[in-house]
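Observations on the model geometry
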Amino acid sequence: MTPETVSVPADRVTLDGDFAVPASARAVILLPHGVNNSRQNRGSQSIATELHTAGFATLLVDLLSENEERRYTHPGEQRFDVGLLTRRIVAAVDWATIQPATRSLPVILFGAGTQADAVLGAAADLPDRVLTVVVWGARPDPTADALKRVRVPVLFVAGGQEPALLRLTEEAVRHMEGPHSIRVVPEATHLFEQPNALDQVITTAREWCDEQLRATPEA
């Protein structure tokens, strides 16, 4: 399906997004993107397409405005400002929950790579509005306060070819009090660029989301 280009207000700027709601959508999944990681990249578009087929609405949103993106073409402080990115994810959730097509749907947060800590921070700030979180290719900070505050179920998907990152993820989840799980894609690195690796991430994430939806009282 063809997504609608939307504008999401946040922090006195306007964030660009792609919004798509298939018929009989079961939840809305937010996929945030940071510097040098546009929502329009092929991987993100492929993920969104698969999610639409599975009955999920999607909001792909760039966490930096066009002006900020131009300013921080090279890695800059805002790329790693977890607080700023967290606030903008919260703003995107606010936006999705007032749209007529999605305001009654559960919200699910996806995060890849450097967006993972901000996604977890948003989930910690919105325990009553986020159903679950899926992160992959992440380098979670074991000392992050958000890990201790997250109460919604979190799925970490890790690449089996990078044992150091897998150990970091295992260390991080030991600080979590909320429900969580780690799933490993054996032949993948953290970028999941190997053949079929991203497909395995999507399948694993979709199955996890289905489990969480079935566990809700409404289901």
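Right, let's walk through the structure included here.

Moving on: the overall build of the protein. When helices and strands are tallied, the protein shows seven helices and eight strands. For the protein, whose C-alpha radius of gyration is 16 Å, the value lies close to the compact-globule estimate of 17 Å for 219 residues. When the backbone C-alpha atoms are referred to their principal axes, the protein occupies close to 45 × 40 × 35 Å. In the protein, which comprises 219 residues, the share counted as buried stands at 53%. A fraction of 68% describes how many contacts in the protein between residues 6 or more apart in sequence connect residues 24 or more apart. Of the roughly 10,400 Å² of accessible surface on the protein, a fraction of 48% belongs to carbon and sulfur atoms. Averaging the positions of the 20 positive and the 28 negative side-chain charges in the protein gives two centres separated by 2 Å.

For the rest of this paragraph, the subject is helix H3 (residues 82-96). Turn by turn, an α-helix covers 3.6 residues, leaving residues three or four places apart pointing in a common direction. In this model, H3 (15 residues) spans 21 Å end to end at C-alpha, consistent with the 21 Å of a helix rising 1.5 Å per residue. With 11 of its 15 residues buried, H3 lies for the most part within the structure. Here H3 has its buried residues at Leu84, Leu85, Thr86, Arg88, Ile89, Val90, Ala91, Ala92, Val93, Trp95 and Ala96. Capping the start of H3, Asp81 holds a side-chain oxygen 3.2 Å from the backbone nitrogen of Gly83, two or three residues further along.

Right, let's talk about the pattern of salt bridges for a bit. Counted according to the given criterion, the structure contains seven salt bridges. Ionic pairing is found between Arg87 and Asp11, a salt bridge with its closest N-O pair at 3.5 Å. Of this pair, Arg87 sits in helix H3 while Asp11 sits in the loop between strand E1 (4-10) and strand E2 (13-20), placing them 76 residues apart in sequence. The partly exposed category is assigned to Arg87, whose relative accessible area is 45%. Residue Asp11 is classed as partly exposed on the basis of its relative accessible area, which comes to 35%. One network of salt bridges, in which partners are shared, links Asp11, Arg87 and Arg88.

Rules behind the numbers
- Residues numbered from 1 in each chain as written.
- Predicted model: local features only at pLDDT ≥ 70, side-chain atom pairs only at ≥ 80, totals over all residues.
- Heavy atoms only, no water.
- Helix = DSSP H or I, 4+ residues; strand = E, 2+ residues; numbered from the N terminus.
- Rg over C-alpha atoms; globule rule 2.2 N^0.38 Å.
- Buried < 20%, exposed > 50% of the residue type's maximum accessible area, 1.4 Å probe, protein only.
- Contact = heavy atoms within 4.5 Å.
- Areas by Shrake-Rupley, 256 points an atom, 1.4 Å probe, with all protein chains shown as cover.
- Lys, Arg positive; Asp, Glu negative; His and termini not counted.
- Charge placed at Lys NZ, Arg CZ, Asp CG, Glu CD.
- Expected span 1.5 Å × (residues − 1).
- Polar contact = N/O pair within 3.5 Å; in protein donor to acceptor, adjacent residues only side chain to side chain.
- Salt bridge = Lys/Arg side-chain N within 4 Å of Asp/Glu carboxyl O.

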